[in-house]
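Structure assessment
What follows is each chain in one-letter form.
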Amino acid sequence: MKPKVSIIILNWNGWKDTIECLKSLYQIDYPNYEVIIVDNDSKDNSIKKISKMINKKNTYIIKNKKNYGFAKGNNIAISQILKKRKSKYILLLNNDVLVNKSFLSKLIECMESNKEIAISGPKIYFYDYKNQKNVINFAGGKINYLTGIVRHDGILKRDSLKYNQKKYTDYLEGSCMLIRSKIFNKIGLIDESYFTYWEDVDFCVRVSRWGYKLLFCPDSYIWHKVSASNKSSNKEYYMVKNKLKFMSKYSGGLRFNLFLLFTVL
């Protein structure tokens, strides 16, 4: 039997995107998965809307009493999976994506090929970039610890053979990450102090520093609406705040002080 995968989808006032995501997810060719929708106290009647179309056999809803953000919202489901469901893999999936039919099968192939791989991620296209479906949003990523800049490889480029090679990467994009469940037992859950933004990069760095590998798998691909799942007016605040937190945590000392100096100037 194929290893079991628990797919976590976080919803916050976004039932239309979540339903579209689920419709694509229910068409995948991978046989052994379940879906856990975590609702972060939506006020748009999301639970009722989503409940009408879910596959009752393999889809469950967790209703949170407040908006816990990306990190804690996912951690609530992760903790439940680790205690009760015993899935080999956990997939974090944004509600504002559409998936290819074989995206999960291809990610599993990548993971099963090497036990040192802790996280794998797909090629991510923009959902609709100037009426084009083959414009890349993410094809691997690099972190500059001196400047705090994270760069998506291939961003805004049309897909080509250049972006069809598997490769190890500094981080994987949080909108779709397939993670070995045992990793959480070793290094802990997602850092909830980020609330939203940069927690995915932080988690990837922690995993890497434990000696595990992160693999970009281009045969797996999805389409991302990009930021549709986060309608918060505080987006820029969290982006800047959490970038500084990340830099302080991983750059430290002289490099971080220089970064702050040039940022102010």
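A short tour of the structure in this document, coming up. Sequence order as written defines residue numbering, which begins from 1 separately in each chain. Predicted model: local features are reported for residues with pLDDT of at least 70 only, side-chain atom pairs are reported and counted for 80 or more only, and whole-chain, interface and lining totals are derived from all residues. Note that water and hydrogens are dropped before the side-chain values are worked out from all heavy atoms of the structure.

Here the focus is the nonpolar core. With 69 residues, the main nonpolar core has Val5, Leu25, Leu93, Phe103, Leu104 and Ile119 as its most contacted residues. For the purposes of this entry, the term helix denotes a DSSP run of H or I that reaches at least four residues, the term strand denotes a run of E that reaches at least two, and both are numbered from the N terminus. When residues of this core are assigned to their parent elements, the largest contribution, 6 residues, is made by helix α4 (residues 103–112). We call two residues in contact whenever any of their non-hydrogen atoms come within 4.5 Å of each other. Contact partners of leucine 93, with chain neighbours within four places excluded, come to Ile7, Ile8, Ile9, Leu10, Cys21, Leu25, Val99, Ser175 and Cys176. To form a nonpolar core, buried Ala, Val, Leu, Ile, Met, Phe, Trp, Tyr and Cys residues must be joined to one another through side-chain atoms within 4.5 Å. Remark: exposure states derive from per-residue accessible area (1.4 Å probe, protein chains only) relative to the maximum for the residue type, with buried under 20%, exposed over 50%, and partly exposed in between. Tyr125, Ile136, Tyr163 and Phe216 belong to the second-largest nonpolar core, a separate cluster that totals 6 residues.

The convention used is that axes are lines fitted to C-alpha atoms, helices contributing only their stretch in contact, and that angles between N-to-C directions extend from 0 to 180 degrees. It is at 11 Å that the axes of helix α6 (residues 199–209) and helix α7 (residues 235–250) come closest, and there the two elements cross at 15 degrees. For the element pair α6 / α7, the angle class is roughly parallel. For the pair α6 and α7, the sense of crossing is right-handed. Counted together, Val201, Asp202, Val205, Arg206 and Arg209 of α6 and Phe246, Lys249 and Tyr250 of α7 form the full contact between these two elements. For the contact of α6 with α7, the per-class residue count stands at 4 nonpolar, no polar and 4 charged. An angle counts as roughly parallel when it lies under 35 degrees, as roughly antiparallel when it exceeds 145, as roughly perpendicular when it falls between 65 and 115, and as oblique in every other case. Each crossing gets its handedness from the near helix: less than a right angle anticlockwise from the far helix is left-handed, clockwise is right-handed. In this count, Pro and Cys sit with the nonpolar residues alongside Ala, Val, Leu, Ile, Met, Phe, Trp and Tyr, while Asp, Glu, Lys and Arg are called charged and the others, Gly among them, polar.

A few words on the packing of aromatic side chains. A pair of aromatic rings is counted whenever rings of Phe, Tyr or Trp (Trp by its six-membered ring) have centres within 6.5 Å, and the orientation is called stacked for planes under 30 degrees apart, edge-to-face for over 60 and tilted otherwise. Scanning the entire structure with this criterion turns up 11 aromatic pairs. Here tyrosine 221 and tryptophan 223 contribute two aromatic rings whose centre-to-centre distance is 5.6 Å and whose plane-to-plane angle is 85 degrees, an arrangement assigned as edge-to-face. Residue classification places tyrosine 221 among the partly exposed residues on the basis of a relative accessible area of 26%. These aromatic residues form a ring-pair network of at least three members: Tyr145, Trp198, Phe246 and Tyr250. Whether a charge sits over a ring depends on NZ of Lys or CZ of Arg being within 6 Å of the ring centre and within 35 degrees of the ring normal. The side chain of lysine 225 reaches across the aromatic face of tyrosine 127, ending 5.0 Å from its centre. Directly above the ring of tyrosine 194 sits lysine 245, whose terminal nitrogen or CZ lies 5.3 Å from the centroid.

Mapped onto the fold, serine 6 is located in strand β1 (residues 5–11). Residue class for serine 6 comes out buried when judged on its relative accessible area of 0%. Here serine 87 takes part through its side chain, which lies 2.6 Å from a polar atom of the side chain of serine 6. Among all residues touching serine 6, those that are not within four sequence positions of it are Glu34, Ile81, Arg85, Ser87, Tyr89, Ile90 and Leu91. Any N or O atom pair separated by 3.5 Å or less is treated as a polar contact, with the protein-specific requirement of one donor-capable and one acceptor-capable atom, and with residues adjacent in sequence counted only for side-chain atom pairs.

With that settled, the discussion passes to the state of the cysteines. Here, a disulfide means two cysteine sulfur atoms that sit within 2.5 Å of each other. Across all of its chains, the model carries 1 disulfide by this definition. Paired through a disulfide, cysteine 110 and cysteine 217 show a sulfur-sulfur distance of 2.4 Å. Residue cysteine 110 is found in helix α4, and its partner cysteine 217 is found in strand β12 (residues 213–224); the two are separated by 107 residues along the sequence. The exposure class assigned to cysteine 110 is buried, which follows from its relative accessible area of 2%. In this model cysteine 176 remains outside any disulfide bridge; the closest cysteine sulfur is found in cysteine 21, 9.2 Å from its own.

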